[in-house]
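Summary of the model geometry
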Amino acid sequence: MNSRLKKIIGSLVLLATLVAIPHFLKFHHQDLLIFLTINVLVVASYRIVTLTGEWSLIHAVMMGVGGYTATLLFKNFDLGMWFTLPLAGGVSALIAALLCFPLFRMTQFYFLIGSFAAGEAIRLVWIQYVNPFGGTGGLSGVEPPIIGGIDFLDAIPYYYLALTVVGFCLFILYRIENSRIGLTLHAVHWKAPLAESVGVDTWRYRALAFVIGSFFVGIAGALKVHYLGTITPNQFGIGFMVFILIWVIVGGYNRFYGPIIGVVVLTVFDESIRSFAEIRPAIYGAVLIISILFLPKGLESIPAKFKAWFGIGSNSDAPPLADK
Amino acid sequence: MGITRRDILRATAAGAVVAGTSSLPTGLFAASNKTVKIGMNIPMTGDYAPWGLPGLYGCEIIAKDINGAGGVEIGGEKYNIEMVAYDHAYDTEKAVQGYKKLVLEDDVKMVMMLGGSTVASVLPWAQRKKMLTTTLLPSDITPKSEYLIATCESHPLYNVTGVEWLAKNFPEAKTAAIVTNNDAEYGLQSAATYKAAFEVEGIDVVDVNLHGFDITDFAPIVSSVLAKKPDIFCMATSFYVTPLMEQLYHQGFKGKIISCTLDYYDEIIAKTSKEFVNGTIFQFPDFDDPALNDKGVNFPDPGGFDAKFRKDHPNDWSAVSWEYPAILLNWIEGAKAAGSVEPTDVLKSLKYTINPAFVFGGGKWWGSQLWGRDNSVVGRWPVVVVENGKARIQEYRSVSDWLAKNKDVLIKHMKELGLRTV
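In this text the structure is predicted, and so the values were computed from the model without any measurement.

**A closer look at the overall build of chain B**
Scanning chain B from N- to C-terminus turns up 15 helices and 15 strands. Taking 422 residues into account, the globule formula puts the C-alpha radius of gyration at 22 Å, and chain B, at 21 Å, falls close to it. Overall, the C-alpha framework of chain B stretches about 65 × 45 × 45 Å when taken along its three principal axes. Looking at chain B residue by residue over its 422 residues, the buried ones come to 57%. Sequence separation of at least 24 residues holds for 67% of the intrachain contacts in chain B that already meet a minimum separation of 6.

Structure representation (structure tokens):
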């Protein structure tokens, strides 16, 4: 069987699984599946930012920007979901573009701290200005659409809707990563001096990655708010940002699918330890430490390790332009 | 004279005590009974846990007593009460998941919640599934929220009774400063109510300090407020009563202190002094208070309940310890009257009662003027003052009477603070 056929069959099996899975879940796990699907887009969009080597702490807040945009558009202008989704992404991207000017004067650790400060400033605006953002209590009353008699308040229809939107966004993100732009982003990370020497404007590409990531996470925020119906600043605090980091680090970030594996495995794991409510953060911390110690390249590196142990194929789990 | 609802409730509790069964496991009794499940979708972990978990403990005590006494008769059949709780940790995602689990998987007949954004996130489902849902924040009620009721705590309307009492007993206090957290769910609602109550009593509000969350140092806040020299320091639903009280103590405040809640006041006394805390006015009584034996009170054996609670959970008593149980008792009464445990029947039965059995008596349905629907019960509410290190009810005052005279003042202040009215 050639590899193309294998890929087609694999994709069909994955698609069939994704379509069938909600029908085998309990009601409240169907909700979890929706949030998981949305979080897949969150981590995938975060990965595009990390491609340039910059790790930010503002991604959760940019999701909130999308969520608040969708909420305000829905409540004040009665705009439906098909308008709020792209506009939410657009506003997130616009805010990100404005933030590029102060933030990308910094790199590495300073960028990390700067992005955290900028994110907290945005969150404080939501908290401080009860009108129009609702303060700590946030806003409510956002409704999912009703299309052709299908009420998307129900979990299964909304899951299919979210799956379609997220799948489309992942396709675009994948294409970007494998385009000339994506390769340049890798180059900015791994061979920045060389890239600059051939005329690549590294500032512009780092900013571009940040804006693209914010656009897609803004859509994720809108998807979430249209299902939940409410939005509060606390949903996008540092706690959620830490979860994003853990998902990406544990899953691995050298491959497109690494963060996705991370969010799926850890969400299932998190739900399975629900009964340990108060020590869940400690368990998460332990998982992160163990992961870094024993799987420094994340869960995505497991197949390569197996192949290496059994002497099958090549052991290539490094990104395209990484120093070997 | 016929048997009143209160008599039924008292008899139920008394039966449990006489039977001497309350300390035995619920499931051992009345095995032939049917079981009706009541859901609690509340914060049991995290910052909001003190306003969730003690309520579950309280409901378990009530359920155990009722089941031990043979259950409750509804529509000619005996039922045991089973509490089913879900910890949403005050997170809207988890609140939706928890609500669906309780309603669609556990088949509960009512869901009790704290309020705020977690309630807003489940409202479409409450409406869709016609599920009776309760909140402690009537401001969650909207014109559309047919199945959301607030039968116990009418937060923050009852705060007006404390101000009335203060003005009557300390007429020399003429200025007040309000401190609260800046949020539309708790703090601003309360601030607007206190402002209205002070205005009605002719007390000038010299400062309204809206502080943020995650504050660790309250010294600057208290200093700046005390610089305005208020006669009254008012904590309107601040989540940070203990550190504020500590600062007032350290900065030598000598005026009157009024607060919505004074949870864990024994800890405050330990950190300050009994003399300092004495005289503090608030709104949530201990249930060993003799004044709760007042015949208008609709809560069976409050002293016995208080003793059981503190024996099983010595450090967990909070404002909600008796509130969720009071809602559970409302539901039982509604179900008995309806002869059915189905949510729509119970709601209809409760709403049909013009004078519902409000926990402190004098209850009536109210809310359309403020929130667009008469789904909140207001009635008498106690004014509590710390005396010799112990919370003691001074008197009951009528919230509904105050609203009848002053609702326009309240609405004005709600609007001024940007809060939704209708």
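**Some points on the domain arrangement of chain B**
All names here are of chain B. Split by domain assignment, chain B resolves into domain 1 (5–155 + 292–378) and domain 2 (159–282 + 381–416). Computed from C-alpha coordinates alone, the two centres of domain 1 and domain 2 are separated by 28 Å. On the domain 2 side, the residues contacting the 17 residues of domain 1 number 13 residues. Those elements giving two or more residues to the side of domain 1 that touches domain 2 turn out to be β12 (364–366) and α14 (368–371). Per-class residue counts for the side of domain 1 that touches domain 2 are seven nonpolar, eight polar and two charged.

**With respect to the packing of helix α3 (residues 92–105) of chain B against helix α4 (residues 117–129) of chain B**
Residues and elements named next belong to chain B. Put simply, α3 and α4 touch, their axes get as near as 8 Å, and they point 30 degrees apart. With respect to their mutual orientation, α3 and α4 come out roughly parallel. Considering how the two elements wind past one another, α3 and α4 form a crossing that is right-handed. Mapping the contact onto sequence places Thr92, Ala95, Val96, Tyr99, Lys100 and Val103 in α3 and Ser117, Thr118, Ser121, Val122, Trp125 and Lys129 in α4. A class-by-class count of the residues in the contact of α3 with α4 yields six nonpolar, four polar and two charged.

**Thoughts on the interface of chain B and chain A**
With 24 residues of chain B in contact, the opposing surface of chain A contributes 24 residues. Of all the secondary-structure elements, those providing two or more residues to the side of chain B that touches chain A are α3 and α4 of chain B. When residues of the side of chain B that touches chain A are assigned to their parent elements, the largest contribution, eight residues, is made by α3(B). Per-class residue counts for the side of chain B that touches chain A are seven nonpolar, nine polar and eight charged.

How each quantity is defined
- Here the residue numbering is sequential within each chain, running from 1 through the sequence in written order.
- The lettering of chains begins at A and the numbering of ligands begins at 1, in the order of writing.
- Per-residue local features are limited, in this predicted model, to residues with pLDDT of at least 70; the limit for side-chain atom pairs, both in listing and counting, is 80 or more; totals at the level of whole chains, interfaces and linings are taken over all residues.
- Going along the chain from the N terminus, every DSSP run of H or I of four or more residues is numbered as a helix, and every run of E of two or more is numbered as a strand.
- We compute the radius of gyration over the C-alpha atoms and compare it with the globule rule, which gives 2.2 Å times the number of residues raised to the power 0.38.
- Using C-beta atoms placed from the backbone, we call a residue buried if 20 or more other C-beta atoms fall within 10 Å of its own, exposed if 12 or fewer do, and partly exposed for counts in between.
- Throughout, a pair of residues is in contact if the C-beta atoms placed from their backbones lie within 7 Å.
- All the domain ranges listed were derived from an automatic or database domain assignment.
- Only Asp, Glu, Lys and Arg are considered charged in this grouping, and only Ala, Val, Leu, Ile, Met, Phe, Trp, Tyr, Cys and Pro are considered nonpolar; every other residue, Gly among them, is considered polar.
- Only the stretch in contact is used when a helix axis is fitted, and all axes are lines through C-alpha atoms; the angle between N-to-C directions ranges over 0 to 180 degrees.
- Roughly parallel refers to an angle under 35 degrees, roughly antiparallel to one over 145, roughly perpendicular to one between 65 and 115, and oblique to any angle outside these ranges.
- Definitions for this section: a left-handed crossing has its near helix turned counterclockwise from the far helix by less than a right angle. A right-handed crossing has that turn clockwise.

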